[in-house]
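# Coordinate analysis (summary)
What follows is the residue order along each chain.
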Amino acid sequence: MTDFRNYSVPFQISSQYSKKVAYFSMEFAIHQPLKIYSGGLGFLSGSHLRSAYELKQNLIGIGILWKYGYYDQGRNQDQTLKAEWYEKTYSFLQETGIKFQITIHGNPVWVKAMYLAPVTFKSAPLFLLSTDLPENDYLSQTITHRLYDSDTAAKVAQFIMLGLGGAKLLDELNFNPDVYHLNEAHGVSAVFHLMRKFGSKEEVKKRLVFTTHTPEEAGNEKHDIYLCDQMGYFNGYPLEEVRELTGMEGDLFNHSLAAFRFARKANGVSKLHGKVSREMWSKYSDIPEITSITNSQNYSYWADKQLYHFMNTDNKLGFEDRKRYLKKRAFELVADQTGKLLDPNVLTIVWARRFAGYKRPDLITRDQARFEALINNPERPIQIIWAGKPYPSDYGAISTFNQLVHLSKKYPNVAVCVDYELTLSKRLKQAADIWLNNPRVPREASGTSGMTAAMNGAVNFSTYDGWICEFAEHGKNSFIVQTADYANMSIPEQDHFDLENIFQVLENEIVPTYYENKDKWDDIVEQGMRDVVEGFESNRMAKEYYEIMYKS
């Protein structure tokens, strides 16, 4: 029996990773059945916990058990996107027996903790908080209903739950971490519990590290400071003292700025993002050193081991047969959803990740004549698949998704899939020959989908942003969209420039190489597979967090 009142990690800890760490994240994508994630942040934290388990690190995860998850991505009658919320139940989570109260909006709210044991999905231990208890009124129960609730007060309550609730849980567990790691600033309310626990900002600072994922200031969450105060975010500290502790001026509480000012160390999630972050926050005082640890993904979970076996044994026929099988298997899912039966012998382009305006999912369709010529070429056929979840209240991104759905109805070789979660993500990466990624530079802090695509024999084709800057060698392990002086371009100019160059590379390099120079194509695929494991596997990342961020 696990002793949850005197908790320790239930496996032999490696001596180089003995320091106790509590890793706070709003979402974790551990495995398909546990639907408590929305996208990239969750995929990252899931891989981090898997690598912490593989390396036998003394780390536990602190998150929230979202009763309705993020949302279920269904379809309306005309195949357009329909966001639905269904109750989720999990027989594999264990009751800890731990229940405690925190104060939200002046009311006591009961919180219980559920436990994902390491052996279940081969991850570090994960504790998940829930307010879905009969002791709570309905409003309090809804705090842990929907990940990223669109209601402002509900979202502030969720931030309190992760931060104050998570810090209090650690006391209940008697775990006493050496390091509190905030993965994004959602849990920064924890510092107001830690202030009471350790007595001063200096003492809290000795123990706190912060990972930022946002490459522009406008993207950092801010809420009305008086609302935060009303909601109990500051754990009883008066506003004057909060302003003094955090250096906040005006009426907005900037969660990221508070996290920076309470952290002894901070990091961006790629080398470029580290540089951008240092520049962005340099105008503020009391900011710690901002280094960078590039996001990575877990090989054991994501990679197709047979492809790697055939590559490492130089079995070209085996490799080709395996990739064809992976494509065919994925196309069964696409056919089931869309009625489009795609051909495993045809060059397949996949664009799949969160739908957001800056990621420009529809960019390739904006030059209709060239798009038509590309997908209607009988000599060198191609097929395209789109998938991804927009935020349920991002109506611009939902509109783009729906436009692509309607566009796909005109072509037998264009499909748009729904229900983009871990399983479909893995299948589409196995289906892809080209993994298309075209965010507006420099908006992507890291991006990780291309890493796992490369682990499944897909070639990255990307604008030069995020992790790609550390990985890509054009024509050797990937293809890159030519860059320009984006800082002096308007958004329409940048989009037009990138679109022109995407077609240039597709028409003159990618399509001819795939159909006419098979040996070169195979070399590019295999080089990408090797390079991604060498530099972008999450065991390297989890190791660096201990060596760079957790070290005193």
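Residues numbered from 1 in each chain as written. Predicted model: local features only at pLDDT ≥ 70, side-chain atom pairs only at ≥ 80, totals over all residues. Heavy atoms only, no water.

## Quick look at the overall build of the chain
We count it as follows: Elements are defined by DSSP. Helices are runs of H or I of four residues or more, strands are runs of E of two residues or more, and each kind is numbered from the N terminus. Relative accessibility decides the category of a residue: with a 1.4 Å probe and only protein chains considered, values under 20% of the type maximum give buried, values over 50% give exposed, and everything between is partly exposed. Note on definitions: a residue-residue contact is assigned when non-hydrogen atoms from the two residues lie within 4.5 Å. Only the protein chains shown count as covering a residue, and every accessible area follows the Shrake-Rupley method with a 1.4 Å probe.
Each helix and strand counted, the chain has 21 helices and 19 strands in total. The principal-axis extent of the C-alpha atoms belonging to the chain is close to 70 × 50 × 45 Å. Every one of the 552 residues in the chain was classed for burial, and the buried ones make up 62%. Long-range contacts, defined as pairs at least 24 residues apart, comprise 74% of the intrachain contacts of the chain with a sequence gap of at least 6. A total of about 20,800 Å² of accessible surface is found on the chain, and carbon and sulfur atoms cover 48% of it.

## Some details on the side chain of Arg-322
Assignment of secondary structure puts Arg-322 in helix α13 (residues 316-338). With relative accessibility at 13%, the residue Arg-322 sits in the buried group. Apart from residues no more than four positions distant in its own chain, Arg-322 is found in contact with Asp-304, Gln-306, Leu-307 and Phe-310.

## Regarding the environment of Glu-470
As a reminder, the rule being used: Polar contact is the term for a pair of N or O atoms within 3.5 Å; when the atoms are in protein, one must be able to donate a hydrogen and the other to accept it, and sequence-neighboring residues count only if both atoms are side-chain atoms.
Mapped onto the elements of the fold, Glu-470 is located in helix α18 (residues 468-471). Here the alpha-carbon distance between Glu-470 and Phe-536, two residues 66 residues apart in the chain, equals 9.5 Å. Ignoring anything within four residues of it in the chain, the contact list for Glu-470 reads Ser-270, Lys-271, Leu-272, Thr-294 and Phe-536. At 2.7 Å, the side chain of Glu-470 and the backbone nitrogen of Lys-271 are in polar contact.

## Brief notes about the pairing of strand β16 (residues 414-417)
A regular strand places its side chains on the two faces of the sheet in alternate fashion. Spelled out, the test is: If the strands point away from the viewer and the path from the first strand over the helix to the second runs clockwise, then the crossover is right-handed.
The alternating pattern of β16 places Val-414 and Val-416 and Ala-415 and Cys-417 on opposite faces, both of which are buried. The parallel pair strand β15 (residues 382-387) and β16, bridged by helix α15 (residues 395-408), forms a crossover whose chirality is right-handed.

## Looking at helix α9 (residues 255-262)
Given 3.6 residues per turn, any residue in an α-helix points the same way as the ones three and four places further on. Most of α9 is tucked away: eight of the eight residues are buried. Looking at α9, one finds that the buried residues are His-255, Ser-256, Leu-257, Ala-258, Ala-259, Phe-260, Arg-261 and Phe-262. With a side-chain oxygen positioned 3.1 Å from the backbone nitrogen of Ser-256, the residue opening α9 is Asn-254.

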